[in-house]
Amino acid sequence: MPLLTRRRLLQGGLALSALALGLPLARARAAEPRLLTAGPGEALLLEAGQPETRTWLYDGVSPGPIIRARQGEEVFVRLKNELPQPTTIHWHGIRIDNAMDGVAHLTQEAVPPGGTFDYRFTVPDAGTFWYHPHDRSWEQVARGLYGLLIVEEAGPIAQAFDQDIAIVADDWRLGEDGQIEEASFAHMMDWSHAGRLGNTLTLNGQDQLDIPVTKGERIRLRLCNTCNARILELRIEHPDIWVVAEDGQPVPPRELDDGYIVLSPGERADLIVDMTLARGSTAAITEVSAGQSLLAGQLTYHPANEVQHVAPWPLPPRALPDNPLSTDLDLAGAQAVELLLEGGAMGNMAQATYQGETLAIRELVGKGQVWALNGTAGMTDRPLFTAPRGQTVTVDLRNDTAWPHAMHFHGHHFKVVERNGKPTNSEAWKDTVLLERLESAKIAFVADNPGKWMIHCHMLEHQAAGMTTWFKVEA
């Protein structure tokens, strides 16, 4: 596994903040579209004095601009494609109209170079979501095409914050010249193993992220893993950290153990952090996977100022308001589906069906397919299952491979009700579930959003190499 490295740590940087910090923010307006241009650009991903990296960006910034909307509002975005290849925008985690989901060849045709496409939808849930291409996403996301969609609560919430800060984490595979290593795109070694792992970590597109805070503040920290394939293990070396949302959906507040949190590709988490350290302190944000401890950023306390509140913050923090999910699961009457994950290096898959033909593993590799779901590689003409609207569905996922997979379901949120045959008692509603090697999980959701919805591994090379399917919810 390629390790993340850092050539030199910067001492500067800006937080992505809804209050006063960070990249340009854009509030969506329904009256006229907010133009979002995908095209070539450059970004300084390394330390000052190093060359800028040639990337593909939204509106020329890395990450793309935060699009903000209020719960229940309409988002109206016009994608303009200035890339040399077709593209789309998928609104990851948003339960929207199927025609706006942005999956090429399933919900829309890809937007050609020079073309435009209008995405117009209402956001039902408050939370932290993101957007990225869903056509050649294994390449386009790796080149830098992604941004956050933050949906604010519809009204005042009991929980208040002094700062609302977002952190977008990504690993880039760069050569010695500081440029994206293009020769390794579509490399079968990556596709059949863990996926495309980068060697350079950025938070908010920066070599080291410095987040200014003040003693006495309570901050909302939104984390998003936009890596192609890397499972990030982050440690915020600060006390008093509480998880209040996962994948955009509120959860009962729980305190982080030693500031440690795991995010697989596509996952998000909202945290509450109370600034209880002394003025002038710093608290490191490190990436600790693969036995390393890489400094990626830090919370930096103002040396003199302190925020005084009339009343102390409640502990544990108050929960965020629930979103209007269909949470009444009829497990006894559920439609049961099985999903077997197969293939990859050191796997047991000898053959699979691809485009209607049964092929041996060597033939599959020759077509760039090395993974399968229920014995089928790649998208099919027929759905994995069809469910009537309002039907509870359970999916038994079994990872029969030597690699982890982050399985993402479009258009719905689900509850993980079992892991390895044992009840989880989880309160979280997720759109992505991480399955470690040889692990199993049962998820359950109410199929209440009509249309054709994709299921795929969010290790994007695994998706491209066969680990993808879809299901249909009848109107």
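Residues numbered from 1 in each chain as written. Predicted model: local features only at pLDDT ≥ 70, side-chain atom pairs only at ≥ 80, totals over all residues. Heavy atoms only, no water.

Its location among the elements puts Leu79 in strand S6 (residues 74-81). Given a relative accessible area of 0%, Leu79 falls into the buried group. Separated by 46 residues in the primary sequence, Leu79 and Pro33 place their C-alpha atoms 9.2 Å from one another. For Leu79, the contacting residues outside a window of four places in its chain are Leu36, Ala38, Tyr58, Thr87, Thr88, Ile89, Val111, Gly115, Thr116, Phe117 and Tyr119. (Helix = DSSP H or I, 4+ residues; strand = E, 2+ residues; numbered from the N terminus. Buried < 20%, exposed > 50% of the residue type's maximum accessible area, 1.4 Å probe, protein only. Contact = heavy atoms within 4.5 Å.)

Two pairing modes exist for strands in a sheet, parallel and antiparallel, and in both the strands are linked by backbone hydrogen bonds. Taken in spatial order, the four strands line up as S4-S3-S6-S8 in an open sheet, and their pairing is mixed. Only two strands of the sheet have a single partner each, and these edge strands are strand S4 (53-58) and strand S8 (116-122). Looking at each pair of strands side by side, their axes are set apart by 20° on average, direction ignored. Bridging between strand S3 (residues 34-43) and S4 involves six bridges; their strand directions are antiparallel. Of the residues in S4, the one forming a bridge with Gly39 is Leu57. (Pairing = 2+ DSSP bridges. Axes fitted to C-alpha atoms, helices over the stretch in contact; angles between N-to-C directions.)

On to the sheet that holds strand S34 (residues 451-457). A sheet is described by the order of its strands in space; here five strands give the open sequence S27-S35-S34-S29-S32, paired in mixed fashion. Every interior strand has two partners, whereas the edge strands, strand S27 (386-387) and strand S32 (432-435), have only one. Where S27 and strand S35 (residues 468-473) come together, two bridges link them in parallel fashion. Note that in S35 the partner of Ala387 across the bridge is Val473.

So, on to the confidence of the model for the protein. Summing up the model confidence of the protein, the mean pLDDT is 93 and the portion of residues at 70 or higher is 93%. Confidence drops under pLDDT 50 across residues 6-29; counting only partners more than four residues distant or on other chains, this segment forms 85 contacts. (pLDDT = per-residue confidence, 0-100.)

This structure, assessed with the given rule, holds 28 salt bridges. Across the pair Arg143 and Glu182 runs a salt bridge whose closest N-O atoms are separated by 3.0 Å. In this pair, Arg143 is assigned in the loop between helix H1 (137-140) and strand S10 (147-152) and Glu182 in the loop between strand S11 (163-172) and helix H2 (188-192), connecting sequence segments 39 residues apart. Since its relative accessible area comes to 9%, Arg143 is described here as buried. The partner of Asp247 in a salt bridge is Lys430, and the shortest N-O contact between them spans 3.4 Å. Residue Asp247 is located in the loop between strand S16 (241-246) and strand S17 (249-255), and its partner Lys430 is located in the loop between strand S31 (422-423) and S32; the two are separated by 183 residues in the primary sequence. (Salt bridge = Lys/Arg side-chain N within 4 Å of Asp/Glu carboxyl O.)

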